[in-house]
Amino acid sequence: MKKRIATLIAVMALVAVLAACLVACMPSDPAKAEENLKAEGYDVTLIEEDLGDGMVALLRAEKEDDSITIYYFDDKDAANKYWEDEEMDDYEAQKEEGLKELEQMYKEDLLDKDEYEEMKKLIEDAKVKKQGKIIYAGTSAAIKAAK
């Protein structure tokens, strides 16, 4: 009886993890991401051609203050190389540095409070992720719309 309960719990946990993965993944087909973003009212530009360095498609979408750029590569190795060459793995540190610089500009009266708050919100909301052979950068809302 205990084995059956343990097995049932393990199967339920696996189903939950798989469901989360399906919901949380960026579409591997650029056309699907384009369709999702257009359905949410984004202006979308999709380039599907050999862009060099293993990049086979580039999608850019914007709507008001939200935007996303998605890079599609031939394979995971090409995406990893681009990620490393562009130093994207250090993005969080770069983001923190940007926030410090922004705060310094505010302290020096180069920005008013509203400008500072708006720019701070945009920087804090920005995300850069790598998922297999896809790299994407954008605001939380745009990332959610693309999925």
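It should be emphasised that the depicted structure is a prediction, and the values quoted were computed from it without experimental measurement.

S.K.: Could you clarify how one ought to interpret the sheet that holds strand β2 (residues 55-63) in this entry?
M.R.: Hydrogen bonds between backbone atoms are what pair the strands of a sheet, whose relative direction is either parallel or antiparallel. Across the sheet, which stays open at both edges, the 5 strands sit in the order β1-β2-β3-β5-β4 with antiparallel pairing between neighbours. At either margin of the open sheet sits one strand with a lone partner, and together these are β1 (43-48) and β4 (126-131). Recorded for the sheet is a direction-independent mean angle of 10° between the axes of neighbouring strands. As judged from the 5 bridges shared by strand β3 (residues 66-73) and strand β5 (residues 134-139), these two strands associate in the antiparallel manner. Directly across from I70, in β5, lies its bridge partner Y136. Strands in contact with helix α2 (residues 30-39) are β1, β2 and β3; relative to β1, the strand with the most contacts, it is inclined by about 170°.

S.K.: Please explain the nonpolar core as it appears in this structure.
M.R.: For soluble globular proteins, nonpolar side chains are generally found buried alongside one another. Counting residues in each nonpolar core, the largest one holds 17 residues, and the members touching the most others are M26, L37, I68 and I70. Looking at this core, the elements that each hand over two or more residues are α2, β2, β3, β5 and α6 (140-146). Looking at which element gives the most residues to this core, the answer is α6, with 4 residues. Dropping the residues within four chain positions of it, M26 is found in contact with I68, I70, Q131, I134, Y136, I143, A146 and K147. If you look at the next biggest cluster of nonpolar residues, it comprises 12 residues, including F73, A79, A126 and V128.

S.K.: Mind showing me how you'd approach helix α3 (residues 76-85) here?
M.R.: Each turn of an α-helix holds 3.6 residues, which means side chains three or four residues apart point in the same direction. Listed as buried for α3 are A78, A79, N80, Y82 and W83. Lining the buried residues of α3 we find β2, β3, β4 and β5. The N-capping residue of α3, defined by a side-chain oxygen 3.2 Å from the backbone nitrogen of D77, is D75. Downstream of α3 by a residue or two, E87 has a phi angle that is positive, lying close to 55°.

S.K.: For this particular structure, what's the right way to read the packing of aromatic side chains?
M.R.: Aromatic rings in a pair are described by how distant their centres are and how their planes are angled relative to each other. Counted under the stated rule, the structure contains 3 aromatic pairs. Taking the centre distance of 5.4 Å and the plane angle of 40° together, the rings of Y71 and Y82 count as tilted. Taken together, the positions of Y71 in strand β3 and Y82 in helix α3 put the pair 11 residues apart, joining distant regions of the chain. The residues Y71 and Y82 share a single accessibility class, namely buried. Ring-pair connections join several aromatic residues into one group, and the members of that group are Y71, F73 and Y82. K130 extends its terminal NZ or CZ atom over the ring of W83, reaching a point 5.8 Å from the ring centre.

S.K.: When you look at the pattern of salt bridges in this model, what are you seeing that I'm missing?
M.R.: Opposite charge on two side chains lets them pair, provided their charged atoms get close. One pass over the structure, following the stated rule, counts 5 salt bridges. Close ionic contact of K38 with E34 constitutes a salt bridge, the shortest N to O distance being 3.4 Å. One end of the pair is K38 and the other is E34, both in helix α2 and 4 residues apart, which spans about a single turn. K81 is the partner of D85 in a salt bridge, and the nearest nitrogen-oxygen pair spans 2.8 Å. Of this pair, D85 and K81 both sit in helix α3, 4 residues apart, roughly one helical turn. The exposure class of D85 is partly exposed, given its relative accessible area of 48%.

S.K.: Looking at this structure, I do not really get the pairing of β4. What am I missing?
M.R.: Every other side chain in a regular strand lies on the same face of the sheet, so the side chains alternate between the two faces. Pairing of β4 with β5, which is carried by 6 bridges, proceeds in the antiparallel orientation. Residue pairing for β5: A126 is matched across the bridge by T139. Between β4 and β5, which pair antiparallel one after the other, the connecting turn spans 2 residues, and G132 there sits at a positive phi close to 60°.

Thresholds applied
- Residues numbered from 1 in each chain as written.
- Predicted model: local features only at pLDDT ≥ 70, side-chain atom pairs only at ≥ 80, totals over all residues.
- Heavy atoms only, no water.
- Pairing = 2+ DSSP bridges.
- Helix = DSSP H or I, 4+ residues; strand = E, 2+ residues; numbered from the N terminus.
- Axes fitted to C-alpha atoms, helices over the stretch in contact; angles between N-to-C directions.
- Contact = heavy atoms within 4.5 Å.
- Core = buried A, V, L, I, M, F, W, Y, C linked by side-chain atoms within 4.5 Å.
- Buried < 20%, exposed > 50% of the residue type's maximum accessible area, 1.4 Å probe, protein only.
- Polar contact = N/O pair within 3.5 Å; in protein donor to acceptor, adjacent residues only side chain to side chain.
- Phe/Tyr/Trp six-rings, centres within 6.5 Å; stacked < 30°, edge-to-face > 60°.
- Lys NZ or Arg CZ within 6 Å of the ring centre and 35° of its normal.
- Salt bridge = Lys/Arg side-chain N within 4 Å of Asp/Glu carboxyl O.

In short, geometric facts, not functional conclusions.
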